[in-house]
Amino acid sequence: MESAKREGVHRKRLVIIYSAIVIVIFAFSLGVQFGLSHETPLRKCENIALYSYRYTCLFDLANTTGNSSICGLLPASYSNACYLSLARKTFDAVLCGKITNATYAASCFQSIALHTGNLSFCGREPAPFADACYSIFANKLANPSVCTYIKN
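Moving on, we get to the nonpolar core. In this structure, C108, I112, C122 and F137 are the most contacted members of the largest nonpolar core, which totals 32 residues. Looking at this core, the elements with two or more residues in it are α3 (51-65), α4 (76-90), α5 (93-96), α6 (102-116) and α7 (127-141). Excluding residues within four positions of it along the chain, I112 makes contact with A87, F91, D92, A93, C96, G117 and F121.

This is how it looks when you write it as structure tokens:
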């Protein structure tokens, strides 16, 4: 009788231990699942192994959210296009100033000049690009006086 009593106590302890282990494993798996499901979009992009897909993800995220700081996480070839895309979307000339590629920067300032009607943005471009900007601007507005700004 005494041995049956001990065996019963022993079984209860084992059930409690096994139950505790199952609860800990379940809680851990919920924690892992909860942590992964709440991963930020930026972290998801950064965790993509293949560079071209990671850059595309970051580019799209910057354009979707309008967050230009994400463009700075990209290499120059991608960041230039990212800043250009955002600047055209938001008409923010400050973003044009972050573009290191002269052609992209010129296109950026030109887009903002034409959209806002602010001729001064053409003057922020290097000479050959500025002349093209003034010419397009003059044609768009049908205002030949703008041609006086063209140097070449």
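What follows picks up the thread again.
So, on to the side chain of Q110. Among the structural elements, Q110 can be located in helix α6. Sequence-distant contacts of Q110, that is, excluding residues within four places in its chain, are made with E125, A132, C133 and I136.

Packing of α6 against α7 brings their axes to within 10 Å, and their N-to-C directions diverge by 25°. When the axis of α6 is compared with that of α7, the two are roughly parallel. Crossing of α6 over α7 shows right-handed handedness. From α6, A102, T103, A106, Q110, A113, L114 and H115 reach across to α7, where they touch F129, A132, C133, I136, F137 and K140. Partitioned by chemical class, the residues of the contact of α6 with α7 number nine nonpolar, three polar and one charged.

Attention now moves to the packing of aromatic side chains. What the rule picks out here adds up to three aromatic pairs. With centroids separated by 5.9 Å and ring planes inclined at 25°, the aromatic side chains of Y51 and Y55 adopt a geometry described as stacked. Of this pair, Y51 and Y55 both sit in helix α3, four residues apart, roughly one helical turn. Relative to Y149, the ring of Y134 has its centre 5.2 Å away and its plane inclined at 25°; by these criteria the two rings are stacked. In this pair, Y134 is assigned in helix α7 and Y149 in the segment after α7, connecting sequence segments 15 residues apart. Classification of Y134 by relative accessible area gives buried; the value is 10%. Of the residues examined, Y149 reaches a relative accessible area of 44% and is grouped as partly exposed.

Cut-offs applied
- Residues numbered from 1 in each chain as written.
- Predicted model: local features only at pLDDT ≥ 70, side-chain atom pairs only at ≥ 80, totals over all residues.
- Heavy atoms only, no water.
- Core = buried A, V, L, I, M, F, W, Y, C linked by side-chain atoms within 4.5 Å.
- Buried < 20%, exposed > 50% of the residue type's maximum accessible area, 1.4 Å probe, protein only.
- Helix = DSSP H or I, 4+ residues; strand = E, 2+ residues; numbered from the N terminus.
- Contact = heavy atoms within 4.5 Å.
- Axes fitted to C-alpha atoms, helices over the stretch in contact; angles between N-to-C directions.
- Parallel < 35°, antiparallel > 145°, perpendicular 65-115°, else oblique.
- Left-handed = near helix turned anticlockwise from the far one by under 90°.
- Nonpolar A, V, L, I, M, F, W, Y, C, P; charged D, E, K, R; others polar.
- Phe/Tyr/Trp six-rings, centres within 6.5 Å; stacked < 30°, edge-to-face > 60°.

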